[in-house]
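What follows is each chain in one-letter form.
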Amino acid sequence: MAERKYDKISAIARRRGFFWPSSELYGGLAGFYDYGPIGALLKQNIEKVWKKIFIAQEGMLLLDTPNVMADSVFQASGHLEHFADPLVTCTDCNTNFRADKLVEEKLKIKTEAMGVDELNGAIIANGVACPKCKGKLGEVYKFNLMFGTEVGPGEEKRIAYLRPETAQGAFVSFERLWEVARKKLPFGAALVGRSYRNEISPRQGMIRLREFSQAEAEVFFNPSDKKHPCFKEVEKEELNLLTIEEQKKGKSEKGEKFTAKEAVHKKIIKSELQAYYLTLAKQFFNRIGFPDSSMRCRQQLSEERAHYSIDTWDIEIHSEDFGWIEVAAIADRADYDLKRHSETAKKDLSVTIDGKKFLPHVMEASFGIDRPFYLLLEHSLKAEGKRTLFKFKKKVAPFEAAVFPLVDKDKLPEKALDIYNMLLENNVMAQYDNSGNIGKMYARADEIGIPICVTIDHQTLKDDTVTVRYRDTTKQKRVHVKKNYEILHEIWEKD
Ligand SMILES: [Zn+2]
């Protein structure tokens, strides 16, 4: 069997410090991964690009709220009731299975719309047995995916949960945000942080995690105005759209190409607001390194939609090993959240604008960070001759430049350190390496995707010029360190 790309990437990831299973010393904990020193930088850079778009460009309000929230939050949000997967346990070997996945696999039928009773019926009628020991399966029941915990001791003890989405942090502080936003709509709140889902049997490595990172934008708007003031700026962008109707006809995997403007005009996407954020999401993935050809926008079927959404469009990126993977979702949450929190907290969260009182609606642009991180490794990994390299864009590469002395003597390390410090002073994220021969140092830099290597040799001592070597072409060029900031121009040049 051919080596899966996932295995190849995992091997490099461990060796070079991108990621590895968490708690590995004790056999690991399924669904939890550590980011190593290189992976942590790459991940941070992906988040930086996201913040640049949503905080700087879109002017959203950045929030940083706790991972643990009171049970009443999730009572109101509906997660205690709805955020669950059907579980079935073998009565002989006690192995747990996701009932819908098991029935889908065994009977080759679609199970998204099936409830607990229907799944039970299908298992009994078709004699579906435990795939592990052929034993009898028990009753299917709903298993809530939230991690519960307790806060405080004894009598004061309160039940709490690890948040299953960062979004709730924005809804529960809506009143504060409304003040900060100077009582004007629309405005957005942005959250970047960890979320938790106790997945029943995560077996897809970095693709399905129990603790994962999200970047979410919650845009509060007036439901009588589902337009966006900057739509004109994105209306010519092309999107590969796969609608519910086309999916039901079993049509074109990739969808059909429309501009954002056409999509709204032809009512393929129901509102300008949703089309705007879908386009913005696409642009984010473009910026971190995914071309349009690797992406599609798929409208979620009604049976797969989360309980709070009236219409959701996903952005999916294709993976060699895992097929189409959801990386972002633009969900029209309508007034669901503020309404439920108004009711549960017994506090009217409606606003008054121009004498009209109403509950703001929410358009959500929700992004996973770990999946794009992994997919970026998959899409950027290249084997060229004997070289293995990650062709990351400069914006997300863990380091912008690597600095080496050609040999570890003759005052070259001292000079190399001078140049390295000069780069740091100019805010270049540089890495210094003097650990081996030049070929090995180039190979190491390639394998962590550093776009430019700067080598200091004997000539540098005479005329302050260095060799710049480009990762993508291996071409080399002699540039001056200070004159006209030649070296900084090479590093900062756009890609
Ligand atoms: Zn069994």
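Residues numbered from 1 in each chain as written. Predicted model: local features only at pLDDT ≥ 70, side-chain atom pairs only at ≥ 80, totals over all residues. Heavy atoms only, no water.

Following Leu185, the chain continues to Pro186 via a peptide bond in cis, the omega torsion being -5°. For Pro186, the location among the structural elements is in the loop between helix 8 (174–180) and strand 10 (187–196). Of note, Asp354 is a non-glycine position whose phi angle comes to about 50°, a positive value. Structurally, the position occupied by Asp354 is in the loop between strand 17 (351–353) and strand 18 (356–358). You will see that Asn427, though not glycine, has its phi angle at about 60°, which is positive. Looking at the secondary structure, you find Asn427 in the loop between helix 15 (412–425) and strand 23 (430–432). (Helix = DSSP H or I, 4+ residues; strand = E, 2+ residues; numbered from the N terminus.)

Its domain assignment divides the protein into domain 1 (5–79 + 147–379), domain 2 (85–142) and domain 3 (399–492). Between the C-alpha centres of domain 1 and domain 3 the distance comes to 39 Å. On the side of domain 3, five residues touch domain 1, which itself brings six residues to the contact. Summed over both sides, the interface between domain 1 and domain 3 buries roughly 550 Å², with carbon and sulfur atoms accounting for 63% of that surface. On the domain 1 side of the interface with domain 3, the three residues burying the most area are Arg16, Ile38 and Leu41, jointly 73% of the side's total. Our count for the contact surface shared by domain 1 and domain 3 stands at two salt bridges. Glu447 serves as the salt-bridge partner of Arg15, at 2.6 Å between the closest nitrogen and oxygen. Every element with two or more residues in the side of domain 1 that touches domain 3 is listed here: helix 1 (5–16) and helix 2 (37–57). With three residues, helix 1 is the largest single contributor of residues to the side of domain 1 that touches domain 3. Grouping the constituent residues of the side of domain 1 that touches domain 3 by class yields four nonpolar, no polar and two charged. (Domains from an automatic or database assignment. Contact = heavy atoms within 4.5 Å. Buried area = accessible area lost by both parts, 1.4 Å probe. Salt bridge = Lys/Arg side-chain N within 4 Å of Asp/Glu carboxyl O. Nonpolar A, V, L, I, M, F, W, Y, C, P; charged D, E, K, R; others polar.)

Quick look at the packing of aromatic side chains now. Across all of its chains, the model carries 27 aromatic pairs by this definition. Ring centres 5.0 Å apart and planes at 85° place the aromatic pair Tyr276 and Tyr277 in the edge-to-face group. The two residues Tyr276 and Tyr277 agree in class, both being buried. Taking 6.3 Å as the distance between ring centres and 65° as the angle between the ring planes, the aromatic pair formed by Phe285 and Phe290 counts as edge-to-face. With a relative accessible area of 0%, Phe285 lands in the buried category. The buried category is assigned to Phe290, whose relative accessible area is 1%. Put simply, the rings of Trp50, Phe54, Phe284, Phe285, Phe290 and Phe367 pair up and form one aromatic cluster. Seen from the ring of Tyr308, Arg333 lies directly overhead, with NZ or CZ sitting 3.5 Å from the centre. (Phe/Tyr/Trp six-rings, centres within 6.5 Å; stacked < 30°, edge-to-face > 60°. Buried < 20%, exposed > 50% of the residue type's maximum accessible area, 1.4 Å probe, protein only. Lys NZ or Arg CZ within 6 Å of the ring centre and 35° of its normal.)

Moving on, we come to the environment of Pro202. Along the polypeptide, Pro202 turns up in the loop between strand 10 and strand 11 (211–221). For Pro202, a relative accessible area of 12% gives the class buried. Taking the C-alpha atoms as reference points, Pro202 and Gly31, separated by 171 residues in sequence, lie 5.7 Å from one another.

It is at 10 Å that the axes of helix 1 and helix 14 (residues 370–380) come closest, and there the two elements cross at 100°. Put simply, helix 1 runs roughly perpendicular to helix 14. Between helix 1 and helix 14, the contacting residues are Lys5, Tyr6 and Ile9 on the first element and Tyr374, Leu377 and Glu378 on the second. (Axes fitted to C-alpha atoms, helices over the stretch in contact; angles between N-to-C directions. Parallel < 35°, antiparallel > 145°, perpendicular 65-115°, else oblique.)

Before going further, it helps to spend a moment on the pattern of salt bridges. According to the stated counting rule, one finds 36 salt bridges in the structure shown. A salt bridge links Lys183 to Glu179, with the shortest nitrogen-to-oxygen separation between them at 3.8 Å. Take Lys183: its relative accessible area is 46%, and that puts it in the partly exposed class.

So, on to helix 15. Taking 1.5 Å as the rise per residue, helix 15 with 14 residues should run 20 Å; its terminal C-alpha atoms sit 20 Å apart, in good agreement. For helix 15, every residue scored as buried is listed here: Leu412, Pro413, Ala416, Ile419, Tyr420, Met422 and Leu423. Looking at the buried residues of helix 15, the elements they touch are strand 22 (401–405), strand 23, strand 24 (452–456), helix 17 (458–463), strand 25 (465–470) and helix 18 (486–492). Two residues or fewer after helix 15 comes Asn427, characterised by a positive phi angle close to 60°. (Expected span 1.5 Å × (residues − 1).)

Moving on, we come to the coordination of the zinc ion. Protein coordination of the zinc ion is provided by Cys90 (SG), Cys93 (SG), Cys130 (SG) and Cys133 (SG), with donor distances spanning 2.3 to 2.4 Å. Metal-centred angles of 104 to 113° between the four donor atoms at the zinc ion mark the site as tetrahedral. Residue classification places Cys93 among the partly exposed positions, given a relative accessible area of 30%. Assessed through its relative accessible area of 35%, Cys133 is described here as partly exposed. (Donors = N, O, S within 2.8 Å, 3.2 Å for Na, K, Ca; no water. Tetrahedral: all angles 85-135°; square planar, octahedral: opposite > 155°, others 65-115°.)

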